[in-house]
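Single-letter residue listing:
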Amino acid sequence: MLDTTGRCAWTNPEGVLRRFAGLEADSDVFIDGIPLRFRLRFRQVKAGRRCAGSQGIGSVTMTINDQQPSSAAEPARRSGSIALVLLVAGAIIAAAVAFMTLGRAEAQPYILGLLALLAMVGLFMLFAFAAGIAGFADHAAADPVLRAISESAFDGIAVTDPRGHVVYANPAYLALTGATSMQDVRPVERVFIGNPDVSEAVFRLLKASREGKRLQEEVRVAGADGAAGRWMRLRVRPLGTGKREAKQTVWSIADITRDREHQEDVFQELQHAIEYLDHAPCGFFSVDAGGNLVYVNATLANWLDHDLAEIGSGGLKLGDIVSGDGSALLTSIVPEPGEVKTEVFDIDLKMRSGKTMPVRLYHKLAFGADGVPGASRTLVISRARDERLDPQRAAEIRFMRFFDHTPMAIATVDKSGAVVRANARFAKLAQSLDPSGGAAKSILAAVSTRDRATLGAAIEQAAQGQADIAPVEVMLHGAKERWGQFFVTAVADDGDAEAAIVYLLETTERRALENQVNQAQKMDTIGQLAGGIAHDFNNVLSAIMMANDFLLNAHKPTDPSFQDIMQIKQNATRAATLVRQLLAFSRKQTLRPQVLDLGEALTDIDRLLKRLIGERITLEMQHGRDLWRTKADVSQFEQVIVNLAVNARDAMPDGGKLTIRTSNVAAADVAQLAHKGMPAADYVRIEVSDTGTGIPADIVDKIFEPFFSTKEVGKGTGLGLSTVYGIIKQTGGFVYVDSEVGKGTTFHIFLPRHEAVAEPQVAASGSVAEVAAAAAAAKPRGDMTGQGTILLVEDEEGLRSLNARGLRSRGYEVIEASNGIEALEEFDAVNGAVDLVVSDVVMPEMDGPTLLKAMRGRNADLKIIFVSGYAEDAFEKSLPENEQFAFLAKPFALSALVAKVKETMAPN
């Protein structure tokens, strides 16, 4: 209770009123475990105790009810008096003193009488306590403030013992349950017995009370005799936490009919407001920060032909109703913490049928203190009617569509590069470059730091009114390398804040394609050069190897020069290997493709790879299930894997792990691999991964070039990876590389799937050369001599004379010719009496394929052997279909030439 100065006019010794600190009017509080509702109001206090120094009781007081506490609940208890206790004690002491003055004999009867009197009083008090007639006073319960609070509470309060009997009920409980006195009061379950609408709730409350739990239920109680029903809030909880208090239960009943009616009124008003908004003549929607539509009114849903049930349940996003890149405009508003922004956008909305309708959006967006946007409030005005009726508005709408739907990003900027207006494509591009919104504020923020001055200079030229400003191609801002070309045009109106119009076209893909084409052209050029060099080297090596064979035949192993001759042979063979690698890169080597199971082919070279990489490197092979077949040259495929394994070994000098994986790649999955230049088809993928040093990004595009090597001089030819590239390309496949410095490198090889119908599968137990060598070793060396006339056509005179000498030494008659025309003359001179033609492919005046056509015209059964440093299929396409001929790849030894001639001239 407070006086007029705000000071305490009366306090409870237990500090009860301190529990009301900070509470507002009509609040629920708990006093000694009892829930109460209090109200702060003004009234004159009639009685109470004053604080020290107070001059009087003021007019400000806190009460529980407007009415005085009723005594209907139970009679007020009288508190004990210390004076009565002192009076009784004084009387007993006085009697004792009086008995002492009388003497022992005279006082004994009186003492016995007094003791008997006290014993009878004590016995009667014990019976009174047992019967409940008397008891110790509860000072807390007898406190007048606590009693006034509970008995003046708006809510009905009752306390029951463990047997369910009501031991206390306030007047509000009596009024709500229809009781007139404590003798008529009933517990809650008996008050609502027989009411089916309340019985289930009461059962739950009783269960909670037995379990010592808190529970609240709201029920509707039907009125009697047609009266209106009431809403009641029923609560139950233990009286306290102590062992004795926990056995008692506090029940409270509150009439919340008015609260419910108020809630229903508010709900009805809300429904009316939603109905007004739904059927307004304009559209309305709300979109959250994730782009999800959380609300769309019925008018807009009807315009767009969408079902309202889809909205708000994750069924629609902003991009589903906005045409083109228009949604980027709505999400391009630069966040400012704590601010509310409203922007106007003219865009096209997209109907369910795919048609568009022009609208104007008033887009309101509020940002939190952290800059995170909340749900928008967006008003939609249809401009479809304007488009049909007003030519000026129709032109404006057409320009808006042109401006927003153009594939080029457009923005108007001021002299400093700040964006004044922008189309949807620019907003989308700006978000991808700088999600924080910097590129949407300034166009210079969309450019990398090193190139901002270049674009700024172009904008400055436009601000000065200069025309014909050259396009600027610069690197865009962002983690990935992206490029853009800016076209800057001056604005004619000097009074406008806009200084220039900037058109931006992203050129990342175009530059990547240009680099790819340039790289392919460079590789083709190098390949042609390598192929030409290899062809010339093959002629030289053929002459060296042929002459070397003559020397070996003329010298015995015991001759002092025999070892020198063998050294020449070994170096010539090594040179021939290098030439074959050049031909592999130029894709002009001879292949013998076979249908293969790559899993079996890799398993067969497992031991070879382990010997190559050494014990410090772990080899792991992971084969995919049900691998498709592919068609490739076994020996060349093995060469590819060996070259990659050797490179991986050199990249892991301290040891590591080499992993070879195989898998199928369906045509539908090719697009997801992001490998450029590879068409959609079925492939078998081979991945060769190492944990080595990796390849720096600045040289990764050069690794397939011939003679490019990062190894020390003398430790590599630089043809390993170029050979891999050439073999895979000639097989019809693709090879790509992923590498990260310090983590390792992975080569991805894709070979096309082969679906053979009647073609037999060749077991991948070894290369063709190994099979042929094994067959040759199993057979005894045969007679290489023979008879017949051979027309030898070769433009290299030294090589031709050596070949002719070798054939003559084996018993053949040889006619020599330096080109195709001379060969035809020699052929006609002997009237076609030639058993075999051995011809080079590339010759001046007339090449080998042309010579074959001319001679087959004279003799259809004429046998011919082509010798060339190029692949067989390099010239096979220029021959008529089904032409029969033999082929011998340069360089070759004398024994190989003689064996091929013997084989070809043998009768069929």
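In the block above lies the structure referred to throughout.
An account of the accompanying structure is given in this report. As the structure is a prediction and not an experimental result, all values here were calculated from the model. (Residues numbered from 1 in each chain as written. Predicted model: local features only at pLDDT ≥ 70, side-chain atom pairs only at ≥ 80, totals over all residues. Heavy atoms only, no water.)

Thoughts on the sheet that holds strand S8 (residues 249-255)
Put simply, the test is: In this description, strands pair whenever DSSP reports at least two bridges between them. Helical segments are the DSSP runs of H or I of at least four residues, strand segments are the runs of E of at least two, and each set is numbered from the N terminus. Working convention: axes come from line fits to C-alpha atoms, limited for helices to the stretch in contact. Angles between N-to-C directions cover 0 to 180 degrees. Two residues qualify as a contact provided that any one of their heavy atoms is within 4.5 Å of a heavy atom in the partner residue.
With antiparallel pairing, the 5 strands of this open sheet are ordered in space as S5-S4-S8-S7-S6. The outermost strands of the open sheet, each flanked by one partner alone, are strand S5 (166-169) and strand S6 (215-221). Averaged over all pairs of adjacent strands, the angle between strand axes in this sheet comes to 20°, irrespective of strand direction. One ladder, built from 7 bridges, connects strand S7 (residues 230-238) with S8; its direction is antiparallel. Counterpart to Val236 in the pairing with S8 is Trp251. Each of S6, S7 and S8 is contacted by helix H7 (residues 196-210), which is oriented at about 160° to S6, the strand it contacts most.

A look at the nonpolar core
Short version of the rule: In this text, buried Ala, Val, Leu, Ile, Met, Phe, Trp, Tyr and Cys residues form a nonpolar core when linked through side-chain atoms within 4.5 Å. Only protein chains enter the calculation, and the probe is 1.4 Å; a residue is then buried if its accessible area is under 20% of its type maximum, exposed if over 50%, and partly exposed in between.
Ranked by size, the top nonpolar core spans 43 residues in total, and within it Leu609, Ile641, Leu658, Ile660 and Ile686 carry the most contacts. By size, the runner-up hydrophobic cluster in this structure holds 27 residues, among which are Val287, Ile311, Leu361 and Phe367.

Remarks on the packing of helix H20 (residues 606-613) against helix H21 (residues 634-651)
When two helices pack together, their arrangement is given by the angle between the helix axes and by the axis-to-axis distance. As a reminder, the rule being used: Throughout, the term roughly parallel applies to angles under 35 degrees, roughly antiparallel to angles over 145, roughly perpendicular to angles from 65 to 115, and oblique to all others. By the definition used in this description, the sense in which the near helix is turned from the far one sets the handedness, with an anticlockwise turn below a right angle giving left-handed and a clockwise turn giving right-handed. Basically, the charged four are Asp, Glu, Lys and Arg, the nonpolar ten are Ala, Val, Leu, Ile, Met, Phe, Trp, Tyr, Cys and Pro, and anything else, Gly included, counts as polar.
Running from amino to carboxyl end, H20 crosses H21 at an angle of 30°, the nearest separation of the two axes being 9 Å. Considering their axes alone, H20 and H21 lie roughly parallel with respect to each other. Pair H20 / H21 crosses with right-handed handedness. Two secondary-structure elements touch here, H20 through Leu608, Leu609, Leu612 and Ile613 and H21 through Ile641, Val642, Ala645, Val646 and Arg649. A per-class count over the contact of H20 with H21 returns 8 nonpolar, no polar and 1 charged.

Looking at the side chain of Thr746
As a reminder of what qualifies: Think of a polar contact as two N or O atoms within 3.5 Å of one another; within protein, one of them needs to be a possible hydrogen donor and the other a possible acceptor, and neighboring residues in sequence only count if both atoms come from side chains.
When you line up the elements, Thr746 lands in strand S25 (residues 744-752). Within polar-contact distance, the side chain of Thr746 engages the side chain of Ser689 at 3.0 Å. Among residues more than four places away in sequence, those in contact with Thr746 are Glu687, Val688, Ser689, Tyr736, Val737 and Asp738.

Side note on the environment of Ile728
Inspection of the secondary structure assignment puts Ile728 in helix H23 (residues 720-731). Taking the relative accessible area as the measure of exposure, Ile728 reaches 2% and is therefore buried. Beyond its immediate sequence surroundings of up to four residues, Ile728 is in contact with Val640, Gly733, Phe734, Val735, Ile749 and Leu751.

Things to note about the pairing of S8
Of all 7 residues in S8, 6 are buried; the element is thus mostly enclosed. In terms of strand pairing, strand S4 (residues 156-160) meets S8 through 5 bridges, oriented antiparallel. Its bridge partner being in S8, Ala158 is matched across the sheet by Trp251.

What about the environment of Pro891?
With respect to the element layout, Pro891 can be found in the loop between strand S30 (886-889) and helix H29 (894-905). Sequence spacing of Pro891 and Leu541 is 350 residues, and the spatial spacing of their C-alpha atoms is 6.0 Å. The contacts of Pro891, once residues within four sequence positions are left out, are Asn538, Leu541, Ser542, Met545 and Ala576.

Re the packing of aromatic side chains
Put simply, the rule is: The aromatic pairing rule takes the rings of Phe, Tyr and Trp, using the six-membered ring of Trp, and pairs them if the centres are within 6.5 Å, calling planes under 30 degrees apart stacked, those over 60 edge-to-face and the rest tilted. Should the NZ of a Lys or the CZ of an Arg lie within 6 Å of a ring centre and within 35 degrees of the ring normal, that charge is described as sitting over the ring.
Throughout the structure, instances matching the rule amount to 5 aromatic pairs. When the ring of Tyr683 is compared with that of Phe750, the centres are 6.2 Å apart and the planes differ by 80°; the resulting orientation is edge-to-face. Taken together, the residues Tyr683 in strand S23 (residues 683-690) and Phe750 in strand S25 connect sequence positions 67 residues apart. Given a relative accessible area of 0%, Phe750 falls into the buried group. Each residue in the set Tyr683, Phe734, Tyr736 and Phe750 is aromatic and connected to the rest through ring pairs, giving one cluster. Its guanidinium or amino end placed over the ring of Trp231, Arg260 lies 4.0 Å from that ring's centre, counting from NZ or CZ. The cationic tip of Arg753 hangs over the ring face of Trp628; the distance from NZ or CZ to the ring centre is 4.1 Å.

Take it as geometry only, folks, not as evidence of what the structure does.
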